[in-house]
Structure formats: structure tokens, C-alpha cells
Amino acid sequence: MVLGLGIGRGEGYAEFAAARAGHLYRSACLLTGGDTHLAEDLVQETLGRVYVRWGRVSAADNPAGYVQTVLTRTFLAHRRRHSSRRERTTDVLPEVPGPDAGGDASLRLTLFEALGQLAPKDRAVVVLRYWEDRSVEETAAAMNTSSAAVRTRCVRALARLRVLLGDALGEYARS
């Protein structure tokens with residue numbers, strides 16, 4: 001993934017990046033509503049930013065949380081820059097996991113589609129709070145906003161998901 005890292009600033013970075021890249025990619029896919037190309041770009045930009053500050057990141061209490069925050073802020077900054085463009089490169093999801101991946105593929109696809117219809121900040125709140133299992137305060141710090149704003153966005157985002165999913169969620173719950 002990262003070639004040519006010598007001793008010094010990048011020491012330990014390659015191992016950390018290799019260990020976290022898959023998780024970052026999955027989170028980025030959720031944040032982007034399934035845009036795998038944008039997710040790859042966000043992960044690459046995030047890892048680049050982390051490398052530049054690797055001394056600070058590696059000394060942090062929770063480097064994985066720090067990097068997740070960088071990913072979220074990178075996503076939100078990208079959305080702000082490109083808010084006038086609403087293009088999607090594809091409406092096809094990434095390759096389907098194998099039969100041993102577990103879970104209901106139809107449910108995942110339905111939830112993925114619903115997440116993609118949320119506003120970027122609402123999507124970020126849902127991903128951080130419920131996918132990353134972060135507290136309100138941690139989510140607020142990652143999004144550079146107040147705890148009250150996070151709570152409000154959570155309520156609104158979950159209500160919107162209920163509207164978007166409607167009967168589909170009940171159908172999957174009965175299965």
C-alpha cells in the first residue's frame with residue numbers, strides 16, 4: 001500500500017495503515033452511500049493526511065479513533081466542496097460478499113440505499129453513532145459540532161430512515 005517508507009517519521013505507519021484500511025474503507029462506503037470510488041479516494045486522502053502527522057497520531061491515546069475522525073472530516077469537507085454537484089458514478093454496490101459473510105444481503109442493500117438518501121451530515125452522524133458506536137460527545141468532536149447538534153441530527157436522521165424504510169424494515173424484522 002505505502003512504498004518507500006523509511007525509518008523515522010513513517011515508522012509503524014505502514015503496519016497501522018494496513019490494519020485500519022479495510023475498516024476505513026467500509027466506513028467510507030457507508031458515508032458515501034455506496035460510492036466505492038469516492039470511498040477509495042477518501043481513504044487515500046485520510047491515510048495521506050495521517051502520514052504527514054504520524055508523529056502526533058501515533059502518540060494519541062486512540063490512533064484508530066483519531067484516523068476515523070480524519071476520515072469523517074475529510075468526507076464532510078468533500079461534501080461541502082461538491083455540494084452543488086450531485087453526481088453518482090454508479091448505483092451498483094460493491095461486489096457481493098461470499099456466502100459465509102453472514103447477515104441478510106437484502107437487508108444490507110436496503111439499509112445501504114436508505115443511508116445514501118440521507119444528507120451527508122445526517123449520514124455521518126448515523127455512521128459514527130451506530131456503526132462506529134461512538135458516544136454523542138465523541139461524534140460531536142469528530143464532526144466539529146456541539147453535542148446538542150449531534151443529538152438533534154440523530155433524531156432527525158433516524159426519523160428520516162424510518163420514513164425511507166417504512167414497511168421494508170418491518171418485513172425484514174419478521175423474516
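One can find the structure itself at the top, above this paragraph.
Structure report, in brief. Since we're looking at a predicted model, the values are computed, not measured.

**Considerations on the overall build of the protein**
Summing up its helical and strand segments, the protein has eight helices and zero strands in all. In the protein, the succession of α and β elements from N to C terminus is α-α-α-α-α-α-α-α. In the protein, once contacts between residues fewer than 6 apart in sequence are set aside, the share between residues at least 24 apart is 68%. Carbon and sulfur atoms provide 52% of the accessible area of the protein, an area that totals close to 10300 Å².

**Comments concerning helix H5 (residues 105-116)**
Counting along an α-helix, one turn takes 3.6 residues, and residues three or four places apart therefore face a common direction. Given a rise of 1.5 Å per residue, 12 residues ought to cover 16 Å, and the 16 Å separating the end C-alpha atoms of H5 matches this to within 8%. Inspection of H5 places Phe-112, Ala-114 and Leu-115 among the buried residues, and these make up the whole buried set. Each buried residue of H5 lies within a common arc of 165° when the element is viewed along its axis, so the set occupies one face.

**Things to note about the packing of aromatic side chains**
Evaluation of the coordinates by the stated rule reveals three aromatic pairs. When the centroid spacing of 5.1 Å and the interplanar angle of 65° are considered together, the rings of Tyr-13 and Tyr-51 count as edge-to-face. A residue pair is termed long-range when its members are at least 10 positions apart, and Tyr-13 in helix H1 (residues 13-31) and Tyr-51 in helix H2 (residues 36-52) qualify at 38 residues. Residue Tyr-13 is classed as buried on the basis of its relative accessible area, which comes to 2%. The class of Tyr-51 is partly exposed, set by a relative accessible area of 24%.

**Side note on helix H7 (residues 136-143)**
Buried within H7 are the following residues: Val-136, Thr-139, Ala-140, Ala-142 and Met-143. Projected down its long axis, H7 shows its buried positions confined to an angular sector of 165°, all on one face. Looking one or two residues past H7, Asn-144 carries a phi angle of roughly 60°, positive in sign.

**Considerations on the packing of helix H4 (residues 63-81) against helix H6 (residues 120-131)**
Their axes nearest at 10 Å, the elements H4 and H6 cross at an angle of 165°. As the angle between them shows, H4 and H6 are arranged roughly antiparallel. Where H4 crosses over H6, the handedness of that crossing is right-handed. Contacts from Gln-68, Thr-72, Phe-75, Leu-76 and Arg-79 in H4 reach Pro-120, Lys-121, Arg-123, Ala-124 and Leu-128 in H6. Among the residues making up the contact of H4 with H6, the classes are represented as five nonpolar, two polar and three charged.

**Re the pattern of salt bridges**
The final tally for this structure, using the stated rule, is two salt bridges. Close ionic contact of Glu-45 with Arg-49 constitutes a salt bridge, the shortest N to O distance being 2.6 Å. Taken together, the positions of Glu-45 and Arg-49, both in helix H2 and four residues apart, correspond to about one turn of that helix. Given a relative accessible area of 30%, Glu-45 falls into the partly exposed group. Here Asp-122 ties to Arg-153 by a salt bridge, and the two come within 2.6 Å at their closest N and O atoms. Of this pair, Asp-122 sits in helix H6 while Arg-153 sits in helix H8 (residues 147-174), placing them 31 residues apart in sequence. Looking at Arg-153, the relative accessible area reads 29%, which means it is partly exposed.

Conventions we followed
Residues numbered from 1 in each chain as written. Predicted model: local features only at pLDDT ≥ 70, side-chain atom pairs only at ≥ 80, totals over all residues. Heavy atoms only, no water. Helix = DSSP H or I, 4+ residues; strand = E, 2+ residues; numbered from the N terminus. Contact = heavy atoms within 4.5 Å. Areas by Shrake-Rupley, 256 points an atom, 1.4 Å probe, with all protein chains shown as cover. Expected span 1.5 Å × (residues − 1). Buried < 20%, exposed > 50% of the residue type's maximum accessible area, 1.4 Å probe, protein only. Arc of directions from axis to C-beta. Phe/Tyr/Trp six-rings, centres within 6.5 Å; stacked < 30°, edge-to-face > 60°. Axes fitted to C-alpha atoms, helices over the stretch in contact; angles between N-to-C directions. Parallel < 35°, antiparallel > 145°, perpendicular 65-115°, else oblique. Left-handed = near helix turned anticlockwise from the far one by under 90°. Nonpolar A, V, L, I, M, F, W, Y, C, P; charged D, E, K, R; others polar. Salt bridge = Lys/Arg side-chain N within 4 Å of Asp/Glu carboxyl O.

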